[in-house]
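Descriptive structure summary
The primary structure of each chain is shown beneath.
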Amino acid sequence: QVQLVESGGGLVQAGGSLKLSCAASGRTFSTYTIGWFRQAPGKEREFMSAISGSWRTYYTDSVKGRFTISRDNAKNTVYLQMNNLKPEDTAVYFCAARQAGVGWSFQEYGYWGQGTQVTVSS
């Protein structure tokens, strides 16, 4: 069982940065793949990035070069550094966990946090 709590969202101007955190409980956290998703009003939850237990990282094309995912297993935390934010990045951001392998869709993750709002003003 894994419980996830996101933090770090907020309001930022276009071009600005935010760093999201996903704090997890569970003794086997280091073996889990952690993904970041976002959901804008009226849209489906979409994959942003993931980091596996072996530290391999994955990004969707729209955030490559702007977002960086990392993990600190000693703190049971995964981070998403978001730079050069755009108004279209506005959404609720969720972190999610799966036991192994990368998952590219929300259906492939069994554990979810409650989400954190990111709003980018133009």
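Shown above is the structure to which this text applies.
The structure contained in this document is the topic of the report that follows. If you're wondering where the values come from, they're calculated on a predicted model, not measured in any experiment. (Residues numbered from 1 in each chain as written. Predicted model: local features only at pLDDT ≥ 70, side-chain atom pairs only at ≥ 80, totals over all residues. Heavy atoms only, no water.)

1. Let's talk about the overall build of the chain
The test is simple: Helix numbers and strand numbers start at the N terminus; a helix is a DSSP run of H or I with at least 4 residues, a strand a run of E with at least 2. Based on C-alpha atoms, the radius of gyration is set beside the globule rule, defined as 2.2 Å times the residue count to the power 0.38. Whether two residues are in contact is decided by their heavy atoms, any of which lying within 4.5 Å being enough. Values of accessible area rely on a 1.4 Å probe in the Shrake-Rupley scheme; residue burial ignores everything except the protein chains shown.
Scanning the chain from terminus to terminus reveals 0 helices and 11 strands. Going residue by residue from the N terminus, the α and β elements of the chain occur as β-β-β-β-β-β-β-β-β-β-β. Taking 2.2 N^0.38 as the reference for a compact globule, 122 residues should give roughly 14 Å; the C-alpha atoms of the chain span a radius of gyration of 13 Å, in line with that estimate. Taken along the three principal axes of its C-alpha coordinates, the chain extends 40 × 30 × 25 Å. Contacts spanning at least 24 positions in sequence make up 58% of the contacts within the chain whose residues lie at least 6 apart. Surface summary for the chain: the accessible area is close to 6,100 Å², and the carbon and sulfur share equals 47%.

2. A short note on the side chain of Arg66
Heads up, the condition is: Here a polar contact means two N or O atoms within 3.5 Å. Within protein one must be a hydrogen donor candidate and the other an acceptor candidate, and residues neighboring in sequence count only if both atoms are side-chain atoms.
Assignment of secondary structure puts Arg66 in the loop between strand 6 (57–59) and strand 7 (67–72). Looking at Arg66, its side chain comes within polar contact range of the main-chain oxygen of Ser62, at 3.1 Å. Apart from the residues lying within four places of it in its own chain, the contact partners of Arg66 are Gln81, Met82, Asn83, Asn84, Leu85, Lys86 and Asp89.

3. Side note on the packing of aromatic side chains
Basically, it comes down to this: Pairing of aromatic rings covers Phe, Tyr and Trp, the last counted by its six-membered ring, and requires centre-to-centre distances within 6.5 Å; plane angles under 30 degrees mean stacked, over 60 mean edge-to-face, and any other angle means tilted.
Scanning the entire structure with this criterion turns up 8 aromatic pairs. Both rings, one in Phe94 and one in Trp112, keep their centres 6.2 Å apart while their planes meet at 80°; by these two values the pair is edge-to-face. Placement of the pair is Phe94 in strand 9 (residues 91–98) and Trp112 in strand 10 (residues 111–112), with a sequence separation of 18 residues. Each member of the aromatic cluster is reached from another via a ring pair, and the members are Phe37, Phe47, Tyr58, Phe94, Trp104, Tyr109 and Trp112.

4. Re the nonpolar core
The following threshold applies: Here, nonpolar core means buried Ala, Val, Leu, Ile, Met, Phe, Trp, Tyr and Cys residues that are tied together by side-chain atoms lying within 4.5 Å of each other. For every residue, the accessible area obtained with a 1.4 Å probe (protein chains only) is divided by the maximum for its type, and the residue is called buried under 20%, exposed over 50%, and partly exposed between those limits.
Ile34, Trp36, Phe67, Val78, Met82 and Tyr93 are the most contacted members of the largest nonpolar core, which has 27 residues in total. Those elements that place two or more of their residues in this core are strand 3 (18–24), strand 4 (33–39), strand 5 (46–51), strand 7, strand 8 (77–82), strand 9 and strand 11 (116–121). Discounting residues that sit within four places of it in the chain, Tyr93 has contacts with Glu6, Leu20, Trp36, Phe37, Arg38, Met48, Phe67, Met82, Gly115, Thr116 and Val118. Within the second largest apolar cluster, 6 residues are counted, among which are Phe47, Tyr58, Ala96 and Tyr109.

5. Some details on the sheet that holds strand 8
Here is the rule we go by: Strand pairing follows a simple DSSP-based rule, namely that at least 2 bridges must link the two strands. Axes here mean lines fitted to C-alpha atoms, for a helix over just the part in contact, with angles spanning 0 to 180 degrees between N-to-C directions.
In space, the 4 strands of this open sheet follow the order 1-3-8-7, with antiparallel pairing throughout. Each end of this open sheet is capped by a strand with a single partner; those strands are strand 1 (4–7) and strand 7. With direction set aside, neighbouring strand axes in the sheet form an average angle of 15°.

6. Side note on the environment of Thr33
Checked against the element boundaries, Thr33 lands in strand 4. On the basis of relative accessible area, Thr33 is assigned to the buried category, the value being 1%. Through-space distance from the C-alpha of Thr33 to that of Arg45 is 18 Å; in sequence the pair is 12 residues apart. Not counting residues within four places of it along the chain, the set of residues in contact with Thr33 comprises Ala50, Ile51, Ser52, Gly53, Ala96, Ala97, Arg98, Gln99, Ala100, Gly101, Val102 and Tyr109. In terms of polar contacts, Thr33 uses its side chain to reach the backbone carbonyl oxygen of Gly101, at 2.9 Å.

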